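Take a look at the letters that make up each chain.
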Amino acid sequence: MPQMSKVELYAAVRRDHRAGVTMGELERKYNVAWRTVRKALDSAWPEPRKPLPSAAVGAGSAQGGDRRDPAG
């Protein structure tokens, strides 16, 4: 099955559920968890993505180790 957007996925899940497809069959057909099926049936729109953390958060953690002066 080709990759689809979450909005398209939610619409397809709701359409198939109205046609009588069970939640378990929807999970297998669209390869999603039961929570995703439940969210699609509860709401027409997926919840918005969480904002990415700013670049300043954790900027030093990529280097690893401490930043003390090695000569001191």
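See the structure above.
Quick summary incoming for the structure in this document. (Residues numbered from 1 in each chain as written. Predicted model: local features only at pLDDT ≥ 70, side-chain atom pairs only at ≥ 80, totals over all residues. Heavy atoms only, no water.)

## Describing the overall build of the chain
Basically, it comes down to this: Under the scheme used here, helices are H or I runs from DSSP no shorter than 4 residues and strands are E runs no shorter than 2 residues, and both carry numbers assigned from the N terminus. Residue burial is assigned from relative accessible area. The probe radius is 1.4 Å, only protein chains are included, and a residue is buried under 20% of its type maximum, exposed over 50%, and partly exposed in between. Residues are treated as being in contact if the distance between any of their heavy atoms lies within 4.5 Å. Throughout, the Shrake-Rupley method with a 1.4 Å probe supplies accessible areas, and for residues the shown protein chains are the sole cover considered.
Scanning the chain from terminus to terminus reveals three helices and zero strands. Across the chain, helices and strands are ordered from the amino to the carboxyl terminus as α-α-α. Counting only residues that meet the buried cut, the chain has 15% of its 72 residues in that class. Here the analysis covers contacts within the chain between residues at least 6 apart in sequence; of these, 52% occur between residues at least 24 apart. In the form shown here, the chain has an accessible surface area of approximately 6,200 Å², with 53% of it arising from carbon and sulfur atoms.

## Quick look at a positive patch on the surface
Keep this limit in mind: Only residues whose relative accessible area exceeds 30% and that take part in no salt bridge are eligible for patches, with like-charged residues grouped when within 9 Å of each other and nonpolar side chains (Val, Leu, Ile, Met, Phe, Trp, Tyr) grouped when within 5 Å. Salt bridges are defined by distance alone: a side-chain nitrogen of Lys or Arg within 4 Å of a carboxyl oxygen of Asp or Glu. None of His or the chain ends enter the tally, which takes Lys and Arg as positive and Asp and Glu as negative. Note that the charge is assigned to NZ on lysines, CZ on arginines, CG on aspartates and CD on glutamates.
On the surface, Lys6, Arg35, Lys39, Arg49 and Lys50 cluster together into a patch of positive charge. Here Arg35 is to be found in helix α3 (residues 34–42).

## Structural notes on the pattern of salt bridges
Tallied over the full model, the rule gives two salt bridges. For Asp16, the salt bridge goes to Lys29, with nearest N and O atoms at 2.9 Å. Remark: Lys29 occurs in helix α2 (residues 23–30) and Asp16 occurs in helix α1 (residues 6–18); sequence separation between them is 13 residues. Note on Lys29: relative accessible area 43%, which makes it partly exposed. Between Asp42 and Arg38 there is a salt bridge, with its nearest N and O atoms 3.4 Å apart. On the criterion of helical spacing, the pair formed by Asp42 and Arg38 is a turn pair, its members being four residues apart in helix α3. Taking relative accessible area as the criterion, Asp42 reaches 56% and is therefore assigned exposed.

## A short note on the side chain of Asp16
On the accessibility criterion, Asp16 (11% relative accessible area) is buried. Excluding residues that lie within four positions of it along the chain, Asp16 makes contacts with Val21, Leu26, Lys29 and Tyr30.

## Looking at the environment of Arg15
In this structure, Arg15 sits in helix α1. For the pair Arg15 and Leu41, spaced 26 residues apart in the sequence, the C-alpha separation amounts to 9.6 Å.

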